[in-house]
Amino acid sequence: MLELAILGFLYDAPLHGYELRKRITALTGHVRPVAESTLYPAIKRLEKAGLLARTTEPGAVAAPRHVLTLTDEGRQELRRRLAEPGQQDITDENRWFTVLAFLRHLDEPAAQAAVLRRRLAFLEEPASFFYDGDRPVRAEELTDPFRRGLLTIARATSEAELTWLRETLASLGG
């Protein structure tokens, strides 16, 4: 997810590390904060793989700033990762939001639709946070108001996403 976010934001514009970190944190929120100790090793890995280039610019007041730019190989890698997201990228909400944030960088509507269809299929599977044996428990069946609240909120969120996915797939012709 972190590497995908780095590639995605740099696809849009060259950035220095601090600005990149702010944008990734804004995308992932408090759920998965990005520490420098995580971000900079990921940048180095992507740079070593030839996906990023680093240039140095004079700093506004003090030290020079390192600006990161996506290479052509980095652009191709971003598109590959978007076209072929892993199963966790489809099922984990935070990872899915990262894929969704950059899915516009896939040029082909059919490729975008293929990714959206995978998410749609996942959301259409009967599921719950709570089960009675193998049967998913519905919110209406729960006496615990907190668990009922959790399922009610999750269902509303899922229904909104399902509506959006179906509408977007129809607009993409998929």
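Just above sits the structure.
Residues numbered from 1 in each chain as written. Predicted model: local features only at pLDDT ≥ 70, side-chain atom pairs only at ≥ 80, totals over all residues. Heavy atoms only, no water.

Draft legend 1. Region of interest: the packing of helix α1 (residues 2-12) against helix α6 (residues 93-102). At a closest axis distance of 10 Å, the pairing of α1 and α6 adopts a crossing angle of 20°. Judged by the inter-axis angle, α1 sits roughly parallel to α6. Of the two elements, α1 crosses α6, and the hand of that crossing is left-handed. Contact residues: L4, A5, G8, F9 and D12 in α1; T98, V99 and F102 in α6. (Axes fitted to C-alpha atoms, helices over the stretch in contact; angles between N-to-C directions. Helix = DSSP H or I, 4+ residues; strand = E, 2+ residues; numbered from the N terminus. Parallel < 35°, antiparallel > 145°, perpendicular 65-115°, else oblique. Left-handed = near helix turned anticlockwise from the far one by under 90°. Contact = heavy atoms within 4.5 Å.)

Draft legend 2. Just helix α3 (residues 36-48), in detail. Between its first and last C-alpha, α3 extends 18 Å over 13 residues, near the 18 Å set by a 1.5 Å rise per residue. Turning to α3, its buried residues are L39, A42, I43 and L46. Down the axis, α3 shows its buried residues gathered within 105° of arc, on one side only. More than 90 degrees from the buried face of α3, the exposed residues found are S37, K44 and K48. In this structure, the buried side of α3 is in contact with α1, α2 (17-28), β2 (52-57), β3 (65-70) and α4 (72-83). Count one or two residues on from α3 and you reach G50, which has phi positive near 80°. (Expected span 1.5 Å × (residues − 1). Buried < 20%, exposed > 50% of the residue type's maximum accessible area, 1.4 Å probe, protein only. Arc of directions from axis to C-beta.)

Draft legend 3. Layout of the packing of aromatic side chains. This structure, assessed with the given rule, holds two aromatic pairs. Judged by centre distance (5.0 Å) and plane angle (85°), the rings of F9 and F102 are edge-to-face. One end of the pair, F9, is in helix α1; the other, F102, is in helix α6, and 93 residues separate them in sequence. Geometry around Y11 places R75 over its ring, the cationic atom sitting 4.4 Å from the centre. (Phe/Tyr/Trp six-rings, centres within 6.5 Å; stacked < 30°, edge-to-face > 60°. Lys NZ or Arg CZ within 6 Å of the ring centre and 35° of its normal.)

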